[in-house]
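Observations on chain architecture
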Amino acid sequence: MEWLTNLQFDQEIFTEILEYIGTFAFAISGIRLAASKDFDLFGAYVIGLVTAIGGGTIRDLCLDLKPFWMLNPSYMIWTGIALIFVIVFRKYLIKLNNTFFIFDTIGLALFTVVGIEKTLDCGYSFWVAIIMGTITGAAGGIIRDIFINQIPLIFRKEIYAIACIIGGIIYYLCDKIIDDITIVQIISALSVVLTRIIAVQYKIGLPHIKEEPNTK
Amino acid sequence: MEWLTNLQFDQEIFTEILEYIGTFAFAISGIRLAASKDFDLFGAYVIGLVTAIGGGTIRDLCLDLKPFWMLNPSYMIWTGIALIFVIVFRKYLIKLNNTFFIFDTIGLALFTVVGIEKTLDCGYSFWVAIIMGTITGAAGGIIRDIFINQIPLIFRKEIYAIACIIGGIIYYLCDKIIDDITIVQIISALSVVLTRIIAVQYKIGLPHIKEEPNTK
Amino acid sequence: MEWLTNLQFDQEIFTEILEYIGTFAFAISGIRLAASKDFDLFGAYVIGLVTAIGGGTIRDLCLDLKPFWMLNPSYMIWTGIALIFVIVFRKYLIKLNNTFFIFDTIGLALFTVVGIEKTLDCGYSFWVAIIMGTITGAAGGIIRDIFINQIPLIFRKEIYAIACIIGGIIYYLCDKIIDDITIVQIISALSVVLTRIIAVQYKIGLPHIKEEPNTK
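Source: prediction; values computed, not measured.

Rules used in this analysis
- Residues numbered from 1 in each chain as written.
- Chains lettered and ligands numbered in written order.
- Predicted model: local features only at pLDDT ≥ 70, side-chain atom pairs only at ≥ 80, totals over all residues.
- Heavy atoms only, no water.
- Helix = DSSP H or I, 4+ residues; strand = E, 2+ residues; numbered from the N terminus.
- Rg over C-alpha atoms; globule rule 2.2 N^0.38 Å.
- Buried < 20%, exposed > 50% of the residue type's maximum accessible area, 1.4 Å probe, protein only.
- Contact = heavy atoms within 4.5 Å.
- Areas by Shrake-Rupley, 256 points an atom, 1.4 Å probe, with all protein chains shown as cover.
- Lys, Arg positive; Asp, Glu negative; His and termini not counted.
- Charge placed at Lys NZ, Arg CZ, Asp CG, Glu CD.
- Core = buried A, V, L, I, M, F, W, Y, C linked by side-chain atoms within 4.5 Å.
- Salt bridge = Lys/Arg side-chain N within 4 Å of Asp/Glu carboxyl O.
- Buried area = accessible area lost by both parts, 1.4 Å probe.
- Expected span 1.5 Å × (residues − 1).
- Least-squares fit on C-alpha atoms with pLDDT ≥ 70 in both.
- Polar contact = N/O pair within 3.5 Å; in protein donor to acceptor, adjacent residues only side chain to side chain.
- Axes fitted to C-alpha atoms, helices over the stretch in contact; angles between N-to-C directions.
- Parallel < 35°, antiparallel > 145°, perpendicular 65-115°, else oblique.
- Left-handed = near helix turned anticlockwise from the far one by under 90°.
- Phe/Tyr/Trp six-rings, centres within 6.5 Å; stacked < 30°, edge-to-face > 60°.

Quick look at the overall build of chain A now. Within chain A one finds seven helices and zero strands. Reading the secondary structure of chain A in the N-to-C direction produces α-α-α-α-α-α-α. Relative to its length of 216 residues, chain A is compact, with a C-alpha radius of gyration of 18 Å against a globular reference of 17 Å. Here the C-alpha coordinates of chain A stretch approximately 65 × 50 × 35 Å along the principal axes. In chain A, which comprises 216 residues, the proportion classed as buried is 51%. Counting contacts in chain A only where the partners sit at least 6 residues apart, residues at least 24 apart contribute 70% of the total. Summed over its atoms, the accessible surface of chain A is roughly 10300 Å², and 65% of this surface lies on carbon and sulfur atoms. Counting 16 positive and 19 negative side-chain charges, chain A places the centres of these two groups 15 Å from one another.

Residues and elements named next belong to chain B. With a phi close to 65°, Asp 38 is a non-glycine residue in the positive phi region. Within the element layout of this structure, Asp 38 appears in the loop between α1 (2–36) and α2 (41–62). Phi angles above zero are rare outside glycine, and Asp 64 is one such case at about 60°. Assignment of secondary structure puts Asp 64 in the loop between α2 and α3 (74–88).

Trp 69, Phe 147 and Phe 155 of chain A, Trp 69 and Phe 155 of chain B together with Trp 69 and Phe 155 of chain C are the most contacted members of the largest nonpolar core, which totals 192 residues. Beyond its immediate sequence surroundings of up to four residues, Trp 69 of chain B is in contact with Cys 62, Trp 127, Ile 131 and Met 132 of chain A together with Ile 53, Thr 57, Tyr 75 and Met 76 of chain B.

Time to look at the pattern of salt bridges. Across all of its chains, the model carries nine salt bridges over all chains by this definition. When the shortest N-O distance is used, the salt bridge between Lys 118 of chain B and Asp 60 of chain B registers 3.4 Å. Of this pair, Lys 118 of chain B sits in helix α4 (residues 97–121) while Asp 60 of chain B sits in helix α2, and the two are 58 residues apart along the sequence. Taking relative accessible area as the criterion, Lys 118 of chain B reaches 25% and is therefore assigned partly exposed. Of the residues examined, Asp 60 of chain B reaches a relative accessible area of 0% and is grouped as buried. Members of the salt-bridge network, linked through shared partners, are Arg 59, Asp 60 and Lys 118 of chain A.

A few words now on the environment of Glu 117 of chain C. With respect to the helices, strands and loops of the structure, Glu 117 of chain C is situated in helix α4 (residues 97–121). If near-sequence neighbours (up to four positions away) are discounted, Glu 117 of chain C is found in contact with Tyr 171 and Gln 185 of chain C.

Across the boundary between the two partners, chain A contributes 32 residues, which contact 34 residues of chain B. Here chain A meets chain B over a buried area of about 2800 Å², counting both sides, of which 69% is carbon and sulfur. Among the residues chain A hides against chain B, the three largest losses belong to Phe 155, Ile 209 and Glu 212 of chain A. Together they make up 27% of the total. Linking chain A to chain B there are zero salt bridges. Those elements that provide at least two residues to the side of chain A that touches chain B are α2 (41–62), α5 (126–147) and α6 (161–177) of chain A.

Between its first and last C-alpha, α4 of chain B extends 36 Å over 25 residues, near the 36 Å set by a 1.5 Å rise per residue. Following α4 of chain B by one or two positions, Gly 123 of chain B adopts a phi angle in the positive range, close to 90°.

A word on the relation of the copies chain C and chain B. Of the transformation placing chain C onto chain B, the axial shift is 0.0 Å and the rotation is 120°, giving an RMSD of 0.0 Å. The two molecules are tied by a three-fold rotation axis, judged by turn and shift. Mapped onto chain B, only 12% of the interface residues of chain C are again interface residues, and the two copies thus contact each other with different surfaces.

Further remarks concern the interface of chain C and chain B. Facing the 34 residues of chain C at the interface are 32 residues of chain B. Note on chain C versus chain B: buried area summed over both sides is about 2800 Å², and carbon and sulfur give 69% of it. When residues of chain C are sorted by the area they lose upon contact with chain B, Phe 42, Met 70 and Arg 90 of chain C head the list and together hold 25% of the total. Along the contact surface separating chain C from chain B lie zero salt bridges. At the junction of chain C and chain B, the tally comes to four residue pairs in polar contact (both at pLDDT 80 or more). When contributions to the side of chain C that touches chain B are tallied by element, the ones reaching two or more residues are α1 (2–36), α2 (41–62), α3 (74–88) and α5 (126–147) of chain C. If you tally residues by element for the side of chain C that touches chain B, the top one is α2 of chain C, at seven residues.

All names here are of chain C. Helix α6 (residues 161–177) packs onto α4 with a crossing angle of 50° between their chain directions and a minimal axis gap of 10 Å. Our classification of the angle between α4 and α6 gives oblique. Seen from above, α4 lies across α6 with right-handed handedness. Contact residues: Leu 108, Thr 112, Val 113, Ile 116, Glu 117 and Leu 120 in α4; Cys 164, Gly 168 and Tyr 171 in α6.

Here a ring pair, both rings aromatic, is described through the centre-centre distance and the interplanar angle of the planes. Inspection of the entire model under this criterion finds 36 aromatic pairs over all chains. Chaining the aromatic ring pairs together yields one cluster made of Tyr 20, Phe 24, Phe 68, Tyr 75, Trp 78, Phe 85, Phe 89 and Phe 100 of chain A.

Moving on, we come to helix α7 (residues 181–201) of chain C. Residues and elements named next belong to chain C. Here α7 spans 30 Å end to end across 21 residues, near enough to the 30 Å set by a 1.5 Å rise per residue. Turning to α7, its buried residues are Val 184, Gln 185, Ser 188, Ala 189, Ser 191, Val 192, Val 193, Thr 195, Arg 196 and Ala 199. Where α7 is buried, its residues contact α4 and α6. Sitting at the amino-terminal end of α7 is Asp 180, which places a side-chain oxygen 2.9 Å from the backbone nitrogen of Thr 182. Note on α7: the residue one or two positions beyond its end, Lys 203, has a positive phi of about 50°.

This is a description of form; function is not addressed.
Below you can see the structure in the form of structure tokens.
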């Protein structure tokens, strides 16, 4: 049975690596936006950090858990690496946009699944878990946009949070028919990634509410 | 004594109905503002939701309680109904402005009283309860305005949060002389409604601080 | 030994006085900014309050403690005194800018040390304590700037939060070699004050990230 324990171990490492990739990608997106707004190094680091850990922090406060980043300095360190990365490779970042898009989407998917898991572990219903998964994935970007004094992008463009919600619903459905929780999580994460890629590829967005007629 | 139990039951239902009316009215105000800023359906829903539940969530986090909306999906559902309502009746909303004003004011009054109650139940002093009542009633609108990137309206115009504070002080005074808590709550809620209606009717606002003389 | 107890007592009073000076200075800075944006009295009070207590509130929520201002009405009262002060002495405030700078810096230093202490008391590592000290000192100003719809000043100019971080690191280093915690705290607070004064005096700021080349 030793190989099974090893497999378990490998899976944990795998999840951790994915989580750091997500943190790195989220931090990069924050730092680049901050740099475009002429923030200094400290400001850019903070924006990168809140983008990466903001959603999970709100989730943990709502679930009455210790904020996850207070238990492990890795998130701080990866944000620092992201800052150095942006400074050093500034010139080549635009060419890497597609790579960042993939990283960011992996992060979104993984953050969503982690949020769902943590909420279910606390004994909440599935609809709460789906909301918390979405907050974990998408709220960091909202805080980032508030900090740089912009209307949050995800309220106006693109399928982003909706991908988290779809991933959450698929988690719920699969959970009913599949026994192995790991497989459920992988399917859920893949559905987030797929939804986002399809939406961006085909420029699918949500409709907007038409303006109220001006009766003046 | 059966009729008394029934009365009690009826009062709970009554409070619940009022709370959903408040949620609905708060959500409508958020969704309409979001629509005027060209948010998509998801963005409008989120703005409606934070307007309705934002204040109560901050209160519950400060009181170390589970956020109220995580225990009952009704708030999500009523926000969804509000979204559909705005989409369908878009053309007639302006004509309903007075109705919404009444609903919104009822919501404000009820949220304030609920906030005071919950805080007193946690064993805090009355001054904390009045602040928490005000946060429950008014903070959702502040978050809404931050999300749509505007200076919060209630910092510059109208008597709004002040109505909550007056309602809280009247709660405190009545609590000293009236035994029946239900009557205290009704008087407090009515005083919030009355303050707001009088202030809007007679365009009463708070004074502003005069500018500092420019010595340059 | 009575004189020792008296000394202890005096130190507590001294800390308390410093804390109220800090609250007063932070509130003044918020109220003046709010007044310059044409907020009404309520708005100005709220901005003053969140500037003074915002950072400590986030810290307490993260540490799962009761928000400090809910246990003692002094912070509300000092913010009220600050509001009256700004109204009455409006004409002379600009001349007092240097005094406010000193008060504000003392507040920053003390808030940082209080934040570090509280976090260590909760059993967290030092790196968490340094972050919480920085949040206690600097987050109120960030919330203030978000409320008045400006990009937070500390992300673009001046050494401010960095002074808290330096004070935190010096706290950590001194804690290893000095037994008396009071002396450690005084050195840490002084290092915050000194860093800030030197930075402002010599206009030292952090570098900004250069723009990404536009490849369009």
